[in-house]
Amino acid sequence: MRTWREMRGFPLAVQLLLVNQLGVNTGFYLLIPYLATHLGENLGMSAAVVGIVLGVRNLSQQGLFIIGGSAADRLGARGVIIAGCALRTVGFALFALGDGLPVLLAASVLSGLAGALFNPAVRAYLAQEAGERRAEAFALFNVFATTGALVGPLLGSALLLVDFRTSALTAAGIFAVLTVAQALVLPARKVEPSGSGVLGDWREVLGNRAFLAFSLAMVGMFTLENQLYLLLPDGAREATGWDGAAGIVFLVGTVANLAFQLGITGSLKSRHDRARWIAVGLAVMALAFLPPVLAPGAVPVLASALLLYLGIMIASPFVMELIPRFGRPELTGTYFGIFYVVSGIAAAVGNTVVGWAMDAGESAGRGWLPWVCCAVFGAASAGGIAWLRRRGALPAPTEPAREKADA
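Parameters at a glance
- Residues numbered from 1 in each chain as written.
- Predicted model: local features only at pLDDT ≥ 70, side-chain atom pairs only at ≥ 80, totals over all residues.
- Heavy atoms only, no water.
- Axes fitted to C-alpha atoms, helices over the stretch in contact; angles between N-to-C directions.
- Helix = DSSP H or I, 4+ residues; strand = E, 2+ residues; numbered from the N terminus.
- Parallel < 35°, antiparallel > 145°, perpendicular 65-115°, else oblique.
- Left-handed = near helix turned anticlockwise from the far one by under 90°.
- Contact = heavy atoms within 4.5 Å.
- Patch = residues over 30% accessible without salt bridge, like charges linked within 9 Å, V, L, I, M, F, W, Y side chains within 5 Å.
- Areas by Shrake-Rupley, 256 points an atom, 1.4 Å probe, with all protein chains shown as cover.
- Salt bridge = Lys/Arg side-chain N within 4 Å of Asp/Glu carboxyl O.
- Lys, Arg positive; Asp, Glu negative; His and termini not counted.
- Charge placed at Lys NZ, Arg CZ, Asp CG, Glu CD.
- Expected span 1.5 Å × (residues − 1).
- Buried < 20%, exposed > 50% of the residue type's maximum accessible area, 1.4 Å probe, protein only.
- Polar contact = N/O pair within 3.5 Å; in protein donor to acceptor, adjacent residues only side chain to side chain.
- Core = buried A, V, L, I, M, F, W, Y, C linked by side-chain atoms within 4.5 Å.
- pLDDT = per-residue confidence, 0-100.
- Phe/Tyr/Trp six-rings, centres within 6.5 Å; stacked < 30°, edge-to-face > 60°.
- Lys NZ or Arg CZ within 6 Å of the ring centre and 35° of its normal.

*Asks:* Help me understand the packing of helix α13 (residues 231-240) against helix α14 (residues 245-269) in this model?
*Replies:* When two helices pack together, their arrangement is captured by the angle between the axes and the distance separating the axes. Two elements in contact, α13 and α14, have axes whose closest approach is 8 Å; the angle formed by their N-to-C orientations is 125°. Between α13 and α14, the interaxial angle falls into the category oblique. In this structure, α13 meets α14 at a crossing whose hand is right-handed. Here P233, A236, R237 and T240 of α13 come into contact with α14, specifically with A245, A246 and V249.

*Asks:* Explanation requested: a nonpolar patch on the surface in the structure shown.
*Replies:* A cluster of nonpolar side chains, contributed by L287, L290, V293, L294 and W368, occupies part of the molecular surface with about 490 Å² of accessible area. Take L287: it is sitting in helix α15 (residues 274-287).

*Asks:* Would you mind going over a negative patch on the surface with me for this structure?
*Replies:* A contiguous patch of negative charge on the surface is contributed by D234, E238, D359 and E362. Elements that contribute at least two residues to the negative patch include exactly α13 and α18 (332-364). Checked against the element boundaries, D359 lands in helix α18.

*Asks:* Help me out: how do you make sense of α15 in this one?
*Replies:* Quick reminder: α-helices carry 3.6 residues per turn. Residues three or four places apart thus point the same way. Its 14 residues give α15 an end-to-end C-alpha distance of 20 Å, which sits within 8% of 20 Å, the value for a rise of 1.5 Å per residue. Burial within α15 is extensive, with 10 of its 14 residues counted as buried. Residues of α15 that are buried include every one of R274, A275, W277, I278, A279, G281, L282, V284, M285 and A286, and no others. One side-chain oxygen at the N-terminal end of α15 lies 3.2 Å from the backbone nitrogen of A275; it belongs to D273.

*Asks:* Explain the pattern of salt bridges to me, please; I cannot follow it from the model alone.
*Replies:* When charged atoms on two side chains of opposite charge get close, those side chains can pair. Within this structure, the stated rule accounts for 10 salt bridges. Note that E136 and K269 form a salt bridge whose closest N and O atoms lie 2.6 Å from each other. On the criterion of sequence distance, the pair formed by E136 in helix α8 (residues 134-159) and K269 in helix α14 is long-range, its members being 133 residues apart. For the salt bridge of R389 with D273, the shortest nitrogen-to-oxygen distance reads 3.0 Å. Here R389, found in helix α19 (residues 369-390), pairs with D273, found in the loop between α14 and α15; they are 116 residues apart in sequence, far enough to count as distant. Given the relative accessible area of 28%, R389 is considered partly exposed.

*Asks:* Sorry if this is basic, but what is going on with the nonpolar core here?
*Replies:* Among soluble globular proteins, nonpolar side chains are generally buried collectively. F214, M218 and F339 are the most contacted members of the largest nonpolar core, which totals 124 residues. Among the elements that take part in this core, helix α7 (residues 101-130) stands out by supplying 13 residues, more than any other. Excluding its chain neighbours within four sequence positions, the residues that come into contact with M218 are I278, L282, V319, F339, S343, S381 and I385.

*Asks:* Help me understand the confidence of the model for the protein chain in this model?
*Replies:* Parts of the model with low pLDDT should not have their predicted coordinates read in detail. The predicted model of the protein chain averages 90 in pLDDT, with 97% of residues at 70 or higher. Every residue in residues 399-407 is under pLDDT 50, and counting partners more than four places away or in other chains gives 20 contacts.

*Asks:* Help me understand the packing of aromatic side chains, please; the structure alone is not making it clear to me.
*Replies:* The geometry of an aromatic ring pair is captured by two quantities: the separation of the ring centres and the angle between the planes. Tallied over the entire structure, the rule returns 16 aromatic pairs. Grouping aromatic residues by their ring pairs yields a cluster made of F65, F211, F214, F222, F326, Y335, F339 and Y340. Its guanidinium or amino end placed over the ring of F10, R133 lies 4.1 Å from that ring's centre, counting from NZ or CZ.

Right, dumping it as structure tokens:
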């Protein structure tokens, strides 16, 4: 299989990070999608308390990405990745062993902080290790991440036939194995000082107006990606009357990702600049939400999912490849961290709008409203990236980071 051939062409550290992402997503989706049900039905907590526990986990992760990115730059990505996986092990184990609210809140904070640590650190390490083959490395990263996002819920559903604690302990065990593997295999790299303090690093990145504009323009990508877990499953269930229809959407998308991701990235890499393909990918993601508007039924929803996955496959590797090129190599982790903070906040606002459109569309008999809303988000993001590209504000993938990035 081409995936394995491509994987073997990278250093052992990159190979481990790819397998690591498969394990991370498997462990995460094995547990988190079923956590709310466990808290509400098994532990008898109110909806408000469930919301607090889940919100604390999300806030701990989204709000602290910048900490994880800075830690990767200053302490070395290897140590931060290991620490993040170890914290996720403890956090998920607490979900299995604790029933009281203080323990569950501690588990939420630890599991969220873990993600804030290893997510930017993994991407920074991968970008540094892959060198000029970043696009291919991040394409593989996308394949392994998507596969884990499919395997996790399936494994979680099977383990829930035993009980939630078995599922949570299995997830904790996966992260424990990853922690040990990283400690044994990932080589330590010399950390180059940035030449300023943490606040100085943040000011430098936040002062890069082109980078901030790029991060905000990517709101469409993150908002539309999240519809794989919100609007598309809802549309599939409504079209078929079957709760399991959402699983078919994920399965088809994962198969498409495995079959086409590497070919798409390899084919597009040498044709025009990467920014053009990011804009094209976002435009395809926008078009993905039109089939259910034009015709009802399961086939348009499936076509929507396939187009959405196609757009992600086009854009995502080049987005990840581009981020480190906005600034100095010493600040790669900080750039990834702030990118995810900015994009995460923007995407949260976008998801709120989509949720409102779903409710408003249902009450007014306008089922097309959330789909059109998503198409507008994608089109706006594609237009934003195309505008930045025309202005020359985006760094080219073959040149060093530019000091004029905030021109």
